[in-house]
Amino acid sequence: MGTLIQHGTVIHADSSVQADVLIEGETIVAVAANLPPADHTLVDATGLLVMPGGIDVHTHLDMPFGGTTSADDYLTGTRAAAIGGTTTVIDFALQSRGHTLAEALAVWDSKAEGKACIDYALHMAITDLSPAGHPHNETLAEMEQMVARGISSFKLFMAYPGVLMIDDGLMFQVMQKAASLGALCLIHAENGAAIDVVVAQALAEGKTAPHFHALTRSTQAEAEATHRAIALAEMAGTTVYIVHLSNSDSLRELKQAQARGLRALAETCTQYLVLSLEEQMPGKSFEEAKYVFTPPLRLKANQAPLWQALADGSLSVVSTDHCPFRFADQKSLGRNDFTKIPNGGPGIENRMQLLWHFGVNAGLLTPERFVALTATEPARIFGMETKGVLAPGKDADVLLWDPNAAYTISAVTQSMNTDYSMFEGWQVKGNVSRVYSHGELVVEHGKFLGTPGRGRFLHRKANAGELL
Ligand code: URP
Ligand code: ZN
Ligand code: ZN
């Protein structure tokens, strides 16, 4: 006995059709008009849109950072994701300096164990090529093992000196190795060294409020690093993916590279599309710590170019960079010094609502492009062959979306484990009706119905060489 979703409009990345979706077990077996019901559970999707479940490729669950740990673990974070229409996340495992990638993987495996509510995959962040006590360049050898274990993307931080930042030599070696493996290099592109100089100058002048987090991290610092990362990737012959691209200066670098035919891809995140420096961080109160994340909020003038780039394909993905911290006891660590505010914001639950409301309802994105940005392109770019498309043989990760549902975002009703929402009181039109994961109904009426631990680790293919 399967599930037959009838009378809905199926939205693909390149077309929309009136069609039914038939699920048998964990898999989609047919997408076609007027499928004959047999011994199926019938779901009436009249007036609803039927889409592939969302894929959020950039999350930080249960991650030690900024002197504390991100507030959502694999249970609360993936549950909130599911409630928001996301059926797969790619989280970041971080290599600690002095430790191997295998050790980092073991740590992140245990974080997810028994908790994940939806499927999850991992990127591996590299910080150290030769951990003490191991052969020289052991990490490069380990990259091969990671790819064999389904971790086909590696993250490099050009920011956060002394914590996560790597130098150009390390970045270049990882890129060369990734090229030989068909793996994808993800880059946090900010010139961390230059930013640290500006930050020290600001603190010396007594500029300690959250607002100065944003003012000390210029768009030029991000654009310079974007340019450098793409240049090194070109030298190494690899594909590069810039994470959380936030502004039009960086976008210019990306577009110039793409115009030259370079293999450069990028995402932006919901927050850069709908929040701004002027509106959320005018420099008036410590409450603005709620919006301290990196790269920081930019002037509103950057938003229109980002939307345009999502529509024209220069930007391929919208992720959240979900890295939540509570205001009361975590953001407050930086009350007297913005550099001590843990960097990151909560967003995993609201990505689909915000992108639909401010993108599709506003006429900036088609429903098809919405599906491409939230599911189909993430699956393609990150080597998830069973995800991101509603078609026979694919995992039955299906989102029923009500384009007319009104919803008010609030910390009081959200599932994310924070004491605030970055979008408090915002009214959106368009929301989740039902979510299926592997054919199981896991969300209805805004409630998670599944069992924590049901989510599975997703083995991803190394296909970066075939992307462009
Ligand atoms: O502020 C942020 N983005 N925190 C998470 C770490 C990162 O840089 O992605
Ligand atoms: Zn980052
Ligand atoms: Zn991040």
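So, here is what we can say about the structure in this document.

### Thoughts on the coordination of the zinc ion (ligand 3)
Here is step 1 of the chain: Every protein donor of the zinc ion (ligand 3) is listed here as His58 (NE2), His60 (NE2) and Asp321 (OD), and their distances to the metal cover 1.9 to 2.1 Å.
Here is step 2 of the chain: Around the zinc ion (ligand 3), the four donor atoms sit at angles spanning 87 to 138°, and that spread fits a shape best called irregular.
Here is step 3 of the chain: Read N to C, the donor residues that coordinate the zinc ion (ligand 3) are spaced as H-x1-H-x260-D.
Here is step 4 of the chain: Separation of the zinc ion (ligand 3) from the zinc ion (ligand 2) amounts to 3.8 Å. For the residue pair His58 and His60, the accessibility class agrees, reading buried in each case.

### Regarding the site of ligand 1
Here is step 1 of the chain: For ligand 1, the set of nearby residues contains 13 residues, the closest of which are Tyr160, His188, Thr294, Asp321 and Asn343.
Here is step 2 of the chain: Residue Tyr160 places a side-chain N or O atom 2.6 Å away from an oxygen atom belonging to ligand 1.
Here is step 3 of the chain: In this structure, a nitrogen atom belonging to ligand 1 sits 2.6 Å away from a side-chain N or O atom of Asp321.
Here is step 4 of the chain: Protein contacts shield 100% of the accessible area of ligand 1, which totals 260 Å² for the unbound molecule.
Here is step 5 of the chain: Its atoms largely coinciding with the cavity grid, ligand 1 occupies the largest cavity.
Here is step 6 of the chain: Of the residues contributing to the shell around ligand 1, the split by class is five nonpolar, seven polar and one charged.

### Thoughts on empty space enclosed by the protein
A probe matching the size of a water molecule, rolled over the atoms, marks out where space remains unfilled.
Here is step 1 of the chain: Per the stated rule, a full pass over the model turns up two cavities of 30 Å³ or more.
Here is step 2 of the chain: The computed volume of the largest cavity comes to approximately 100 Å³.
Here is step 3 of the chain: Residue lining of the largest cavity: 16 residues in total, with His60, Phe65, Tyr160, Thr294 and Asp321 positioned closest to the centre.
Here is step 4 of the chain: Here the lining of the largest cavity is built from residues that sort into seven nonpolar, seven polar and two charged.

### Focus: the coordination of the zinc ion (ligand 2)
Here is step 1 of the chain: In the first shell of the zinc ion (ligand 2), the protein supplies His188 (ND1) and His244 (NE2), at 2.1 Å from the metal.
Here is step 2 of the chain: Note that the zinc ion (ligand 2) binds four donor atoms; their angles at the metal cover 57 to 150°, and the shape is irregular.

### Things to note about the packing of helix 12 (residues 351-360) against helix 13 (residues 367-381)
Here is step 1 of the chain: Between helix 12 and helix 13, the least distance of the axes is 11 Å, while the angle of their chain directions is 145°. Between helix 12 and helix 13 lies a crossing of right-handed hand. In this structure, helix 12 contributes Arg351, Met352, Leu355, Trp356 and Val360 to the contact, and helix 13 contributes Pro367, Phe370, Leu373 and Thr374.

### Some thoughts on the layout of surface pockets
Here is step 1 of the chain: Estimated volume of the largest pocket: approximately 370 Å³.
Here is step 2 of the chain: What lines the largest pocket is a set of 17 residues, among which Tyr160, Asp196, Arg217, Thr339 and Asn343 lie closest to the centre.
Here is step 3 of the chain: Looking at the lining of the largest pocket, the element that brings in the most residues is helix 5 (residues 192-204), giving four residues.
Here is step 4 of the chain: Residue classes in the lining of the largest pocket are distributed as nine nonpolar, five polar and three charged.
Here is step 5 of the chain: When its volume is computed, the second largest pocket comes out at roughly 320 Å³.
Here is step 6 of the chain: Along the wall of the second largest pocket there are 18 residues; nearest its centre are Ile83, Asn431, His445, Gly446 and Lys447.

### Focus: helix 5
Here is step 1 of the chain: Under the 1.5 Å per step criterion, the end-to-end length of helix 5 is 18 Å for 13 residues, consistent within 8% with the ideal 18 Å.
Here is step 2 of the chain: Here helix 5 has its buried residues at Gly192, Ile195, Val199 and Ala202. The buried side chains of helix 5 occupy one side of the element, clustering within an arc of 80° when seen end-on.
Here is step 3 of the chain: Close packing links the buried residues of helix 5 with helix 7 (219-236).
Here is step 4 of the chain: One or two steps after helix 5, the chain reaches Gly206, where phi turns positive at roughly 80°.

### Section: the nonpolar core
Here is step 1 of the chain: One finds Phe154, Val174 and Ile187 to be the most contacted residues of the largest nonpolar core, which totals 118 residues.
Here is step 2 of the chain: Apart from the residues lying within four places of it in its own chain, the contact partners of Val174 are Ile126, Leu129, Leu140, Met143, Phe154, Leu156 and Cys185.
Here is step 3 of the chain: Listed in part, the 18 residues of the second largest apolar core include Leu186, Val243, Leu265 and Val317.

### A short note on the pairing of strand 2 (residues 16-24)
Every regular strand shows the same layout, with side chains that alternate between the two sheet faces.
Here is step 1 of the chain: The sheet contact formed by strand 1 (residues 3-11) and strand 2 spans seven bridges and is antiparallel. Paired with Thr3 across the strands is Ile23, a residue of strand 2.
Here is step 2 of the chain: In this structure, the hairpin formed by strand 1 and strand 2 is closed by a connection of four residues.
Here is step 3 of the chain: Here strand 2 runs beside strand 3 (residues 27-32); their pairing, made up of five bridges, is antiparallel. Each residue of the ladder has a partner; that of Asp20, found in strand 3, is Ala32.

### Some remarks on unusual backbone geometry
When glycine is set aside, most residues are seen to have a negative phi, and most peptide bonds are trans.
Here is step 1 of the chain: Backbone torsion omega between Thr294 and Pro295 reads -5°, so that peptide bond is classified as cis.
Here is step 2 of the chain: One non-glycine residue with positive phi stands out, namely Asp321, at about 55°.
Here is step 3 of the chain: Position of Asp321 relative to the elements: it lies in the loop between strand 15 (317-319) and helix 12.

### Side note on the packing of helix 4 (residues 168-181) against helix 7
Here is step 1 of the chain: Interaxial distance between helix 4 and helix 7 falls to 9 Å at its minimum, and their mutual angle equals 45°. Taken together, helix 4 and helix 7 sit at an angle that is classed as oblique. In the packing of helix 4 onto helix 7, the handedness of the crossing is right-handed. Two secondary-structure elements touch here, helix 4 through Asp168, Met171, Phe172, Met175, Gln176 and Ala179 and helix 7 through Arg228, Ala229, Leu232, Ala233, Met235 and Ala236.
Here is step 2 of the chain: Counted by class, the contact of helix 4 with helix 7 contains nine nonpolar, one polar and two charged residues.

### Points about the packing of aromatic side chains
Here is step 1 of the chain: Tallied over the full model, the rule gives twelve aromatic pairs.
Here is step 2 of the chain: An aromatic cluster of three or more residues is present, and its members are Phe65, Phe157 and Tyr160.
Here is step 3 of the chain: We note Lys155 situated over the ring of Phe92; from NZ or CZ to the ring centre the distance is 4.1 Å.
Here is step 4 of the chain: Over the aromatic face of Phe327 sits the side chain of Lys290, whose NZ or CZ is 5.2 Å from the ring centroid.

Calculation rules
Residues numbered from 1 in each chain as written. Chains lettered and ligands numbered in written order. Predicted model: local features only at pLDDT ≥ 70, side-chain atom pairs only at ≥ 80, totals over all residues. Heavy atoms only, no water. Donors = N, O, S within 2.8 Å, 3.2 Å for Na, K, Ca; no water. Tetrahedral: all angles 85-135°; square planar, octahedral: opposite > 155°, others 65-115°. Buried < 20%, exposed > 50% of the residue type's maximum accessible area, 1.4 Å probe, protein only. Near = heavy atom within 4 Å. Polar contact = N/O pair within 3.5 Å; in protein donor to acceptor, adjacent residues only side chain to side chain. Areas by Shrake-Rupley, 256 points an atom, 1.4 Å probe, with all protein chains shown as cover. 1 Å grid on protein atoms, 1.4 Å probe; cavity = no way out; pocket = protein on both sides within 12 Å on 5 of 7 lines; lining within 4 Å. Sits in = over half its atoms within 2 Å of the grid points. Nonpolar A, V, L, I, M, F, W, Y, C, P; charged D, E, K, R; others polar. Points joined across faces, edges and corners; volume = space filled by probe spheres on them. Axes fitted to C-alpha atoms, helices over the stretch in contact; angles between N-to-C directions. Helix = DSSP H or I, 4+ residues; strand = E, 2+ residues; numbered from the N terminus. Left-handed = near helix turned anticlockwise from the far one by under 90°. Contact = heavy atoms within 4.5 Å. Expected span 1.5 Å × (residues − 1). Arc of directions from axis to C-beta. Core = buried A, V, L, I, M, F, W, Y, C linked by side-chain atoms within 4.5 Å. Pairing = 2+ DSSP bridges. Parallel < 35°, antiparallel > 145°, perpendicular 65-115°, else oblique. Phe/Tyr/Trp six-rings, centres within 6.5 Å; stacked < 30°, edge-to-face > 60°. Lys NZ or Arg CZ within 6 Å of the ring centre and 35° of its normal.

Limitation: the analysis is restricted to geometry and does not speak to function.
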